[in-house]
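Here's the letter readout for the chains.
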Amino acid sequence: MKNYFNKYYESYKRYGLISFVNQILSKIGLKMRFKDPIQKKRIYLSKKLNELTNGEIIDGIYKGSKLIYSSDFFLAKPAQLLGCYEKEVQEKIFELSKKYNLNYFLSIGAGEGYHAIGSRVAKLFEHSLCFELEKKNREIIKKNFKLNLINENFDIFGKADLDFLQVIKNKVELRKSLFLFDIEGDEFKILNQENLRLIKDACLIVELHHFYLTKSQNEEFLEKLRQNFKITFIITGNRKFSNFKILDKLNDDEKWLSMSESRPATMNWIICEPLIS
C-alpha cells in the first residue's frame, strides 16, 4: 500500500496537481482529462509550427512532404514539421533502402503515416503498406497520401495481428522489403519465431518498448532476433534548434519543446539486416 501511494506522490512532485488529478480520473475509469501548462504550450506550438511551415516538412530526408493538421493532441507535430522527428530512424531507412535496393516499405503501427508518406515523397520506395489500429489515423494516412499526390501503390490495413504476413503475402517481395515496427510493446507478440523465420530475408527496424517486459524477457526477444538477423542499435541523438531559423522568435523553452518527441524514456531501435545478403 505504501508503494501504491508513493507512486502517486512522485507523480504529483514531478508533474504537478493537474497530472495527479488526471491519474486519479483514469484510475476510476473517467475519460475526462485536464491539460497542464506544458501540454497547453505544446498545443500552441503545434498550431504555430503548422502555420509557419504551411504544414510542410522543412528539413531532413522527408523535406517537402505535406501533413494535414489532424489534431491538437499529437504533441510531437512540431518535431515532424521541422524534419527532426525520429531523425536517426529516417537516416537508417534511407541507408537500408539504398544498400539493399528495396522497393517495399511496411509501417507496422503507422500512426498518421509520417514515415510511410515521407519515404515515398523522398522516392525511397515504390510501394507503401501501413498497418494501424486507430480508424481515425487510417483515414489521416489516406488523406496524407492524397495531399502529396500519391494516388497508387499504397495499402492501409487495420491492426497487425499474428497472421499479418498472410495479409500481405501476395503484395510484397520480402527480400525487397523494409519493415518498421512501432506497436507499443506488441512487437514482442507478433515477432514470434515463425514470423521471424518468414521475414528473415527482409530488413527490420523495431522500436523496442523495453519497459513493458522484464530484463530476461527483453534478452529472450533479442536472442530470437540474433538467430535470424544481424542486429545493431540506434538511439535518439542530439538536436540543435540553431539549425532552424524558423524558430528564432520562439524562446528557448519553446524551441526545445518543439523538438520533443514525447517519449517516456530513452528509446532504442533495433536494426535487423539479413544474415545472408
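Residues numbered from 1 in each chain as written. Predicted model: local features only at pLDDT ≥ 70, side-chain atom pairs only at ≥ 80, totals over all residues. Heavy atoms only, no water.

*Asks:* Mind laying out the overall build of the protein, listing which residues take part and the relevant values?
*Replies:* For the protein, the count of helices and strands is 12 helices and seven strands. In summary, the protein has a C-alpha radius of gyration of 20 Å against a globular reference of 19 Å for 277 residues, a match within 12%. In terms of overall dimensions, the protein has a C-alpha envelope of 55 × 50 × 35 Å along the principal axes. In the protein, buried positions account for 46% of the 277 residues. Charge-centre separation for the protein: the mean point of 46 positive side chains lies 3 Å from the mean point of 36 negative side chains. (Helix = DSSP H or I, 4+ residues; strand = E, 2+ residues; numbered from the N terminus. Rg over C-alpha atoms; globule rule 2.2 N^0.38 Å. Buried < 20%, exposed > 50% of the residue type's maximum accessible area, 1.4 Å probe, protein only. Lys, Arg positive; Asp, Glu negative; His and termini not counted. Charge placed at Lys NZ, Arg CZ, Asp CG, Glu CD.)

*Asks:* Any chance you could break down the pairing of strand 4 (residues 177–181) for me, citing the residues and the numbers?
*Replies:* Consecutive side chains along a regular strand alternate between the two faces of the sheet. Counting buried positions along strand 4 gives five out of five residues, so the element sits mostly inside the fold. When strand 1 (residues 104–108) meets strand 4, the two strands line up parallel, connected through five bridges. From the neighbouring strand, isoleucine 108 faces strand 4, where its bridge partner is phenylalanine 181. Summarising the sheet, strand 4 and strand 5 (residues 203–208) pair through four bridges and their orientation is parallel. Each residue of the ladder has a partner; that of phenylalanine 181, found in strand 5, is valine 206. (Pairing = 2+ DSSP bridges.)

*Asks:* Tell me what's going on with the pattern of salt bridges, and back it up with residues and numbers.
*Replies:* Considering all chains together, one arrives at 18 salt bridges under this definition. A salt bridge links lysine 92 to glutamate 95, with the nearest nitrogen and oxygen atoms 3.2 Å apart. Remark: glutamate 95 and lysine 92 occur in helix 5 (residues 87–99); sequence separation between them is three residues, near one turn of the helix. Salt-bridge contacts for glutamate 223 lead to arginine 226; the nearest nitrogen and oxygen are separated by 4.0 Å. Placement of the pair is glutamate 223 and arginine 226 together in helix 11 (residues 215–228), with a separation of three residues, close to one helical turn. (Salt bridge = Lys/Arg side-chain N within 4 Å of Asp/Glu carboxyl O.)

*Asks:* With reference to specific residues and values, describe the packing of helix 6 (residues 114–121) against helix 7 (residues 135–147).
*Replies:* One way to put it is that helix 6 packs onto helix 7 with a least axis distance of 10 Å and a crossing angle of 15 degrees. Here helix 7 runs roughly parallel to helix 6, going by the angle between their axes. The interaxial crossing formed by helix 6 with helix 7 has right-handed handedness. Packed against helix 6, whose contacting residues are Ala116, Ile117 and Arg120, the element helix 7 presents Ile141, Asn144 and Phe145 at the interface. (Axes fitted to C-alpha atoms, helices over the stretch in contact; angles between N-to-C directions. Parallel < 35°, antiparallel > 145°, perpendicular 65-115°, else oblique. Left-handed = near helix turned anticlockwise from the far one by under 90°. Contact = heavy atoms within 4.5 Å.)

*Asks:* An account of helix 6 is requested, with residue identities and associated values reported.
*Replies:* For helix 6, a buried count of seven out of eight residues is recorded, marking the element as mostly surrounded by other parts of the structure. Every buried residue of helix 6 is accounted for by Tyr114, His115, Ala116, Ile117, Gly118, Ser119 and Arg120. Two residues or fewer after helix 6 comes lysine 123, characterised by a positive phi angle close to 60 degrees.

*Asks:* Help me get a handle on helix 3 (residues 37–53), residues and values and all.
*Replies:* Taking 1.5 Å of rise per residue, 17 residues should cover 24 Å, and helix 3 covers 24 Å from first to last C-alpha, within 8% of that figure. Every buried residue of helix 3 is listed here: Arg42, Ile43, Leu45, Ser46, Leu49, Asn50 and Thr53. Buried positions in helix 3, seen along its axis, are confined to an arc of 160 degrees and lie on one side of it. Residues of helix 3 that are exposed and point more than 90 degrees away from the buried face comprise Pro37, Lys40 and Glu51. Among the structural elements, helix 4 (77–82) and helix 12 (252–258) are those in contact with the buried residues of helix 3. Positive backbone phi, approximately 55 degrees, marks asparagine 54, located one or two places after helix 3. (Expected span 1.5 Å × (residues − 1). Arc of directions from axis to C-beta.)

*Asks:* Give a description of the packing of aromatic side chains that names residues and reports values.
*Replies:* To describe a pair of aromatic rings, one takes the distance between the centres and the angle between the planes. Inspection of the entire model under this criterion finds 11 aromatic pairs. Ring geometry for tyrosine 85 and tyrosine 114: centres 5.3 Å apart, planes at 90 degrees, overall edge-to-face. Highlighted residues: tyrosine 85 in the loop between helix 4 and helix 5 and tyrosine 114 in helix 6, separated in sequence by 29 residues. Ring geometry for phenylalanine 188 versus phenylalanine 221: centroids 4.9 Å apart, planes at 75 degrees, classification edge-to-face. Placement of phenylalanine 188 in helix 9 (residues 187–190) and of phenylalanine 221 in helix 11 is noted, with a sequence separation of 33 residues between them. No difference in accessibility class separates phenylalanine 188 from phenylalanine 221, as the two residues are buried. Within the aromatic cluster, the residues linked to one another by ring pairs are Phe131, Phe157, Phe164, Phe179 and Phe181. (Phe/Tyr/Trp six-rings, centres within 6.5 Å; stacked < 30°, edge-to-face > 60°.)

*Asks:* Run through the packing of helix 5 against helix 6, naming residues and quoting values.
*Replies:* It is at 11 Å that the axes of helix 5 and helix 6 come closest, and there the two elements cross at 45 degrees. Taken together, the axes of helix 5 and helix 6 lie oblique to each other. Handedness of the helix 5/helix 6 crossing: right-handed. Residues Val89, Gln90 and Ile93 of helix 5 pack against Tyr114, His115 and Ser119 of helix 6. For the contact of helix 5 with helix 6, a count of residues per class yields three nonpolar, three polar and no charged. (Nonpolar A, V, L, I, M, F, W, Y, C, P; charged D, E, K, R; others polar.)

These values are about where atoms sit, not about what they do.
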